[in-house]
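If you want the building blocks of each chain, they are given just below.
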Amino acid sequence: MIALKPEKGLLLVAEPTIIGDTSFNRSVVLLAEHSESGSIGFILNKILDFTLKDLIPGLNKSFKIYNGGPVEQDNLYFIHKIPDLIPDSIEIANGIYWGGNFEVVKELILSDLITDKEIRFFLGYSGWDAEQLTEELNSNSWIITEHQDAKDIIERSYRSFWKDKMMELGGNYVLWSNAPENPSYN
């Protein structure tokens, strides 16, 4: 397997050995930005106990909210695959976009012109300073991987995402894919 370097659009898959890290244990993170000054990503598989209608008055829709990461958890972020409908979107990679005009997003939701298969919401994000991600990669906290079809990231089930990535990696990771989340339960 060729070792990938971090770049936007790639996934960071938590190594099984980062047990006990409440933010990132068994996480799959989409890198939305990566440069010399740092990196930003969103955890794709950590769902929260509330929906969009719990956070935004007047939006009576039950879009799931995910824990994007430990930074700025009082801010709402989103990724989507409909830049033609959402002005000011920033392409991450291969048809996946970050942000855009939230007033337009609200109107699209209220008009039933957008579904949860096209957009995913996060509270907070994952962030790394200039050399922090490199240090974590060197300490084997993360595996960098691609996702075969970037557009299906939004539709992907959060429940099995990490396990599926472990299975794709093969070798000893297959063994970890079936291990309990908390090893003391074994």
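A few points on the structure. What you are looking at is a predicted structure, and each value in this text was computed from that prediction instead of being measured.

Rules of the game
Residues numbered from 1 in each chain as written. Predicted model: local features only at pLDDT ≥ 70, side-chain atom pairs only at ≥ 80, totals over all residues. Heavy atoms only, no water. Helix = DSSP H or I, 4+ residues; strand = E, 2+ residues; numbered from the N terminus. Rg over C-alpha atoms; globule rule 2.2 N^0.38 Å. Buried < 20%, exposed > 50% of the residue type's maximum accessible area, 1.4 Å probe, protein only. Contact = heavy atoms within 4.5 Å. Areas by Shrake-Rupley, 256 points an atom, 1.4 Å probe, with all protein chains shown as cover. Pairing = 2+ DSSP bridges. Arc of directions from axis to C-beta. Polar contact = N/O pair within 3.5 Å; in protein donor to acceptor, adjacent residues only side chain to side chain. Core = buried A, V, L, I, M, F, W, Y, C linked by side-chain atoms within 4.5 Å. Phe/Tyr/Trp six-rings, centres within 6.5 Å; stacked < 30°, edge-to-face > 60°. Lys NZ or Arg CZ within 6 Å of the ring centre and 35° of its normal. Salt bridge = Lys/Arg side-chain N within 4 Å of Asp/Glu carboxyl O.

### Digging into the overall build of the protein chain
Thinking step 1. Counting its secondary structure elements, the protein chain contains five helices and 10 strands.
Thinking step 2. Its C-alpha radius of gyration of 17 Å places the protein chain within 12% of the 16 Å reference for a compact globule of 186 residues.
Thinking step 3. Over its C-alpha atoms, taken along the principal directions, the protein chain stretches across nearly 50 × 40 × 30 Å.
Thinking step 4. Across the 186 residues that make up the protein chain, the buried fraction comes to 45%.
Thinking step 5. Looking at the protein chain alone, contacts between residues at least 24 apart form 61% of all its contacts between residues at least 6 apart.
Thinking step 6. When the accessible area of the protein chain is evaluated, it comes to approximately 9900 Å², of which 47% is carbon and sulfur surface.

### Brief notes about the pairing of strand E1 (residues 11-14)
Thinking step 1. Taking every second residue as pointing to the same face, both faces of E1 are buried, with Leu11 and Val13 on one and Leu12 and Ala14 on the other.
Thinking step 2. As judged from the three bridges shared by E1 and strand E2 (residues 28-35), these two strands associate in the antiparallel manner. Bridge pairing links Leu11 to Leu30 in E2.
Thinking step 3. In the sheet, E1 pairs with strand E10 (residues 142-145) via four bridges, with the strands oriented antiparallel.

### Examining the side chain of Ser27
Thinking step 1. Summarising the element assignment, Ser27 is placed in the loop between E1 and E2.
Thinking step 2. What makes Ser27 buried here is its relative accessible area of 0%.
Thinking step 3. In this view, Ser27 contacts Leu12, Val13, Ala14, Ile43, Asn45, Lys46, Trp142 and Trp162; residues no more than four positions away in its chain are not counted.

### Quick notes on helix H2 (residues 102-110)
Thinking step 1. Along H2, the residues that are buried comprise Val105, Leu108 and Ile109. Along the axis of H2, the buried positions cluster into a sector of 100 degrees, meaning they face one direction only.
Thinking step 2. On its buried side, H2 packs onto helix H1 (52-55), strand E6 (71-80) and strand E9 (119-129).
Thinking step 3. Capping the start of H2, Asn101 holds a side-chain oxygen 2.9 Å from the backbone nitrogen of Glu103, two or three residues further along.
Thinking step 4. Within two residues after H2, Asp112 carries a phi angle of roughly 55 degrees, on the positive side.

### A look at the nonpolar core
Most often, soluble globular proteins keep nonpolar side chains buried together rather than apart.
Thinking step 1. If you look at the biggest cluster of nonpolar residues, it comprises 36 residues, and the most contacted ones within it are Leu12, Leu30, Phe42, Leu44, Ile79, Ile92 and Trp142.
Thinking step 2. Ranked by size, the runner-up nonpolar core spans 15 residues in total, among them Leu52, Ile86, Ile119 and Phe121.

### Side note on the packing of aromatic side chains
Thinking step 1. Within the structure shown, the criterion is met by 12 aromatic pairs.
Thinking step 2. Here the aromatic rings of Phe78 and Phe102 are separated by 6.0 Å at their centres, their planes lie at 40 degrees, and the arrangement is tilted. Pair noted here: Phe78 is in strand E6 and Phe102 is in helix H2, with a separation of 24 residues, a long-range link.
Thinking step 3. Exposure remark for Phe102: the relative accessible area of 22% places this residue in the partly exposed category.
Thinking step 4. Each member of the aromatic cluster is reached from another via a ring pair, and the members are Phe42, Tyr66, Tyr77, Trp98, Phe122, Tyr125 and Tyr158.
Thinking step 5. We note Arg120 situated over the ring of Tyr66; from NZ or CZ to the ring centre the distance is 4.1 Å.

### Notes on the environment of Thr134
Thinking step 1. Of note, Thr134 is situated in helix H3 (residues 132-138).
Thinking step 2. Relative accessible area serves as the criterion here: at 33%, Thr134 is assigned to the partly exposed category.
Thinking step 3. For the pair Thr134 and Ile40, spaced 94 residues apart in the sequence, the C-alpha separation amounts to 13 Å.

### Some thoughts on the environment of Phe161
Thinking step 1. When you line up the elements, Phe161 lands in helix H4 (residues 161-169).
Thinking step 2. The spatial distance from the C-alpha of Phe161 to the C-alpha of Asn45 is 6.5 Å, given a sequence separation of 116 residues.

### Some remarks on the pattern of salt bridges
Thinking step 1. This structure, assessed with the given rule, holds five salt bridges.
Thinking step 2. The residue Glu103 makes a salt bridge to Lys106 at a minimum N-O spacing of 3.2 Å. Of this pair, Glu103 and Lys106 are both found in helix H2, three residues apart, which corresponds to roughly one turn of the helix.
Thinking step 3. Exposure remark for Lys106: the relative accessible area of 22% places this residue in the partly exposed category.

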